[in-house]
Every structure is written in structure tokens, then in C-alpha cells.
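One-letter residues, chain by chain:
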Amino acid sequence: MPSEANAIVKQLQQAIQDRQPRIAVMGLGYVGLPLLASCFKAGYAVLGFDVSQERIQTLQAGQSPVQDVAASQIQAMNQSERAEWTSNPETLATADIILICVPTPLHKSKEPDLSFIVQATETLARTLRPGQLIILESTTYPGTTDEVLLPAFEATGLQLDQHFLLAFSPERIDPGNPTYRVENIPKVVGGISAECGAVASAFYQSLGLSVHTVSSARVAETAKILENTFRSVNIALVNEFAGICRALEIDVWEVIEAAATKPFGFMKFLPGPGIGGHCIPLDPHYLIWKARLHGFEPRFMGLADQINSQMPVWVVQRTTDVLNLARKALNGARIGVLGVAYKANIDDARESPAHAILPLLMQKGAQVSYHDPYIPRFEAGGQVLKSQPCDSDFLAQDLLLILTDHQQLDYARILAEAPLILDTRNALVSRLPEARLSERLHGL
Ligand SMILES: NC(=O)c1ccc[n+]([C@@H]2O[C@H](COP(=O)([O-])OP(=O)(O)OC[C@H]3O[C@@H](n4cnc5c(N)ncnc54)[C@H](O)[C@@H]3O)[C@@H](O)[C@H]2O)c1
């Protein structure tokens, strides 16, 4: 006679083969919504759950709150009986597989703020029923799934492997990246038990994804933080190189292009005004915190964070120096900032370096305005600024500061009209090589 553990595994695996389970996604943001769209595309019935009623209303009205999912996709879902949007937590009982995609920010002290995961876990514990598979996708420190989620679920009286399954699978999406999307990014999956890992892996395979199954949720949690720490450390390294090259009067961009011709052993990272987004500046702190609890003091990760966090100060220093070349002071200067999103071609300004740079410029007396085709409003120094048209008046200010190199900007016009430019992204020279000769153009 099959054991109860075998029973839930077999039942869910068979159901996955037949696309029978109803999939709920908790948290319909940059991560959760594209994932839900993939589940729908794979033939599953989907339930989108979010605590924000405004977000649910937006989706019910057929609009998309994130750039990577088209409104037409939402409308197609709305016309189908396979999709439902809700902020009613009771409905979660109707789902068989539940994917948690809630935010994992930091407290001001840079310690992990697990409150969204804890809240989502408490919500789920209230409706947990036999036969459910829960997968945490939010980025977090190793041990979260079995130290925070598992005890809360077991406190309901239901047991892992007998009644419910639990796994971690980090989301690796890169919003705005047209090459790598949910569909073609391999999934790392780690279960609390081997059974949990096997069923969670079968589920992601059913979405057409390539799956790499690891031995535990902790390994999967740590792998995600290694990926993002790798980026943070390498960005810090090139940012430091930018400072060294400035001191030695060498063009750092030319150096990087040259090094990148090596076909092995080198991976190209680019300097910039600082790091941003909901991942790279935050994720390493989750591991730093956990390592400290276990008596290990990480040095590399902290150093990278320090270097990257200092970049906005460096940008303000460079702004002062470049204005100085034109015999102008930062105090009273009219500065037009081009781009406040944290990276090119996206509508996300979370943790963007502009959040540090604009207030610093304002504190020193600069009059700051900005243009960003993706970010209509931006809060800086206690003021809400509105994106200005990128017209001749905007370009004619004392200094144009390029912080984000959105593709759609008219760089030829910018180069022709702006009297003084500080380009922290090499946006102009990379598109218009002749810009290198312009005495009005300066870099990091
Ligand atoms: N944005 C990225 O590029 C990216 C990439 C990979 C991984 N991640 C990780 O994915 C997770 C989610 O990030 P995001 O960028 O999608 O966040 P987001 O802010 O875009 O979306 C999160 C959504 O969760 C909702 N929410 C909050 N608490 C909830 C709850 N208890 N129940 C249901 N919904 C709730 C919010 O209302 C919001 O709509 C984070 O852990 C992040 O680190 C993000």
C-alpha cells in the first residue's frame, strides 16, 4: 500500500502532467505577474492574489502594472475562465500549487525585513489544506523556507510530505531584458525534502523550463544570493577601476572593451553612478546578516557594497569638477538629469542611484530637473519632481548629467545641443564614436 508521503507526490505529479492543479501566485509585481502569465500560457488555471486592492483592480480592468507583461496578455486572461484576480485570502484554499513572490526589502539598518514573507506565510497557514505544494520564490537568506515557513505550516497540525509539500525556487528574471525572460531562464529548485524538490521540479518542467534540482531549499536560497553577490562584487571592481583610471587619465571604457576581447576568463561589467533595483543592492545583505549570526564576518560583500554605495558621492564630486572646468559653481547651477530609473529601458526606479544623487546636488544648491520617458514622477530631497520634456530648453542647462542610458533618447541631439555633459554610462561614445572628440563631454 503506498505511504501517505507517496500519495501526495504521486497525486500532484499526475495532476501536473494533466495541467489540473490550480496555480496561485501571491504578489503580482515584477516577478509574480510574468510567472503567473507563464503558468496561464502552459495551460494552468491561475489565481493572482495580491494584498493591494489597487493592483487587483488594475488587473481586473485589463491593464498591466508591469512592463514585461503586455495589457493584451492580461485582457486575454480576463476573457478566460482559467484566470482570476483576488485580494481575498480565503480563495487561496482553492489553489493546489502556490508561488510566493512578495518583496524582501531591508530595514534602515540594512538587516533583512522578512515582514512580507511572514505575512504571506501567516495568510497561507490559515487556508493550508492537504494536497498543497507551496514554493517560495522571493530572494532571501539561507534557511528562510525551513526556519520560517515550515514551522508556521506545521503548527496547523498538517505535516510535511504527508499533507503538504514545501520548496524554494529563486526567481532570476531580469526585468526589461528582451533576450532572457521567464521562459528561457533555467530554474534552480530545492525542496525541504527530496519529495518536495521532485514535485516542485516537475511543476517548473511542465512550464517548459529547464530545471536544475539541488539537494535542499538552503542550497537554492544560497545560490540566488551568490549570483547577485557576484554581480555586486564585479560592479564594485569596475567602479573602482573607473576611479583609478580617472586618477591615471586613462579611458576606463576603452580599457574594458580591450579586456573583453579575451574569449575566456573575463566577464564584462560596466561602471556607473551606483547600483539599484530590488536585487543587487539588497540581496548580499541577507547573507551578510545570516553569516554574522553564525559567527562569520563576510568582508568581500561588505566592501563591494561600500564601493557601490559611494558612487553617488563620486558622481556629485565629478559634477562639481566638470562645472568647475566651465568656471561654474555647483551652487546655483541648473542641472538636467537624464534618466532616473536604476537601469536602461525599464520603469523601475527602486533603489536607483538617482535617489542619492539628486538630493545631494540639491543640498549643494543646484537646481535639478530631470527627464525620464519611463518615470513620470520622482521624489527627491522631499520634493516630487515631474519628468520634463527633453527639449532644447532642457538640454541648454548648465550641465546635463546622464544617469540612465535609455535606448530611445536622441543622443545625437543631446550631443549637439547640451553645452556641458557628464555621462556616467558612456552612453554617447558607445553610440556616437565621434563624441569622444567633444570637449563638452566628460565621463565618470
Ligand atoms: N524585480 C526583480 O528584478 C527581481 C528579480 C528576481 C527576484 N526578485 C525577488 O522577487 C521578490 C518580489 O520582487 P518584485 O520586484 O516582484 O516585487 P514587487 O514590489 O514588484 O511586487 C511585490 C507584490 O507583492 C505584493 N504583496 C506584498 N505583500 C503581500 C502578501 N502578503 N500577499 C500577497 N501579495 C503581497 C505587493 O502588493 C506587490 O504587488 C523579491 O524577493 C525580489 O528580491 C526580484
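Fair warning: this is a prediction, and the values are worked out from it, not measured in the lab.

**Quick notes on empty space enclosed by the protein**
Throughout the structure, instances matching the rule amount to one cavity of 30 Å³ or more. Roughly 50 Å³ of volume is contained in the largest cavity. Taken together, Pro-170, Glu-171, Arg-172, Val-182, Ile-185, Pro-186, Lys-187 and Leu-209 make up the full set of residues lining the largest cavity. Looking at side-chain class alone, the lining of the largest cavity contains five nonpolar, no polar and three charged residues.

**A closer look at the domain arrangement of the chain**
According to the domain assignment, the chain consists of domain 1 (4-215) and domain 2 (229-443). Just the C-alpha atoms count here: the centres of domain 1 and domain 2 sit 35 Å apart. On the domain 2 side, the residues contacting the 19 residues of domain 1 number 18 residues. Regarding the contact of domain 1 and domain 2, the summed buried area is about 1600 Å², with carbon and sulfur atoms giving 55% of it. Where domain 1 packs against domain 2, one counts three salt bridges.

**Side note on unusual backbone geometry**
For Arg-19, which is not glycine, the phi torsion reads 55 degrees and is therefore positive. Inspection of the secondary structure assignment puts Arg-19 in the loop between helix H1 (4-17) and strand E1 (22-26). Even without glycine at this site, Lys-110 takes up a positive phi of about 70 degrees. Counting through the fold element by element, Lys-110 comes out in the loop between strand E4 (97-100) and helix H5 (115-127).

**Some words on the site of the ligand**
Around the ligand there are 26 residues in total, and Val-31, Asp-50, Thr-104, Thr-139 and Arg-350 lie nearest to it. Within the side chain of Thr-104, an N or O atom sits 2.6 Å from an oxygen atom of the ligand. About the coverage of the ligand: the protein hides 93% of its 830 Å² of free accessible area. By residue number, the principal contributor to the shell around the ligand is H5, which donates three residues. For the shell around the ligand, the class distribution of residues is 13 nonpolar, eight polar and five charged. Per-domain counts for the shell around the ligand show at least three residues from each of domain 1 (4-215) and domain 2 (229-443).

**Regarding the sheet that holds strand E13 (residues 399-402)**
What the five strands build is an open sheet, ordered E10-E9-E13-E14-E15; its pairing is parallel. Edge strands, defined here as strands with exactly one partner in the open sheet, are strand E10 (367-371) and strand E15 (441-443). Adjacent strand axes in the sheet meet at a mean angle of 25 degrees, parallel and antiparallel pairs treated alike. In this sheet, strand E14 (residues 421-423) lies alongside E13 in parallel orientation, the contact comprising three bridges. Each residue of the ladder has a partner; that of Leu-401, found in E14, is Leu-422. The strands touched by helix H12 (residues 354-363) within the sheet are strand E9 (334-338), E10 and E13, with E10 carrying the most contacts at an inclination of about 150 degrees.

**A few points about the state of the cysteines**
Applying the stated criterion across every chain, the model contains zero disulfides. Residue Cys-101 stays outside any disulfide, its sulfur separated by 9.0 Å from that of Cys-39, the closest cysteine. Counting only cysteine sulfurs, Cys-101 is the nearest neighbor of Cys-196, a cysteine outside any disulfide, at a range of 18 Å.

**Comments concerning helix H6 (residues 144-154)**
All buried positions along H6 are accounted for by Thr-144, Thr-145, Leu-149, Leu-150 and Phe-153. Down the axis of H6, the sector holding all buried residues measures 135 degrees, keeping them to one side. Along its buried surface, H6 packs onto E4, H5, strand E5 (132-136), strand E6 (164-168) and helix H8 (217-248).

**Some thoughts on the pairing of E13**
Taking every second residue as pointing to the same face, both faces of E13 are buried, with Leu-399 and Leu-401 on one and Leu-400 and Ile-402 on the other. As paired strands, E9 and E13 are joined by four bridges and run parallel to one another. Looking across to E13, one finds that Gly-336 is bridged to Leu-400. Handedness of the E13-helix H14 (residues 411-417)-E14 crossover: right-handed.

Cut-off values and rules
Residues numbered from 1 in each chain as written. Predicted model: local features only at pLDDT ≥ 70, side-chain atom pairs only at ≥ 80, totals over all residues. Heavy atoms only, no water. 1 Å grid on protein atoms, 1.4 Å probe; cavity = no way out; pocket = protein on both sides within 12 Å on 5 of 7 lines; lining within 4 Å. Points joined across faces, edges and corners; volume = space filled by probe spheres on them. Nonpolar A, V, L, I, M, F, W, Y, C, P; charged D, E, K, R; others polar. Domains from an automatic or database assignment. Contact = heavy atoms within 4.5 Å. Buried area = accessible area lost by both parts, 1.4 Å probe. Salt bridge = Lys/Arg side-chain N within 4 Å of Asp/Glu carboxyl O. Helix = DSSP H or I, 4+ residues; strand = E, 2+ residues; numbered from the N terminus. Near = heavy atom within 4 Å. Polar contact = N/O pair within 3.5 Å; in protein donor to acceptor, adjacent residues only side chain to side chain. Areas by Shrake-Rupley, 256 points an atom, 1.4 Å probe, with all protein chains shown as cover. Pairing = 2+ DSSP bridges. Axes fitted to C-alpha atoms, helices over the stretch in contact; angles between N-to-C directions. Disulfide = S-S within 2.5 Å. Buried < 20%, exposed > 50% of the residue type's maximum accessible area, 1.4 Å probe, protein only. Arc of directions from axis to C-beta. Right-handed = clockwise from strand over helix to strand, strands pointing away.

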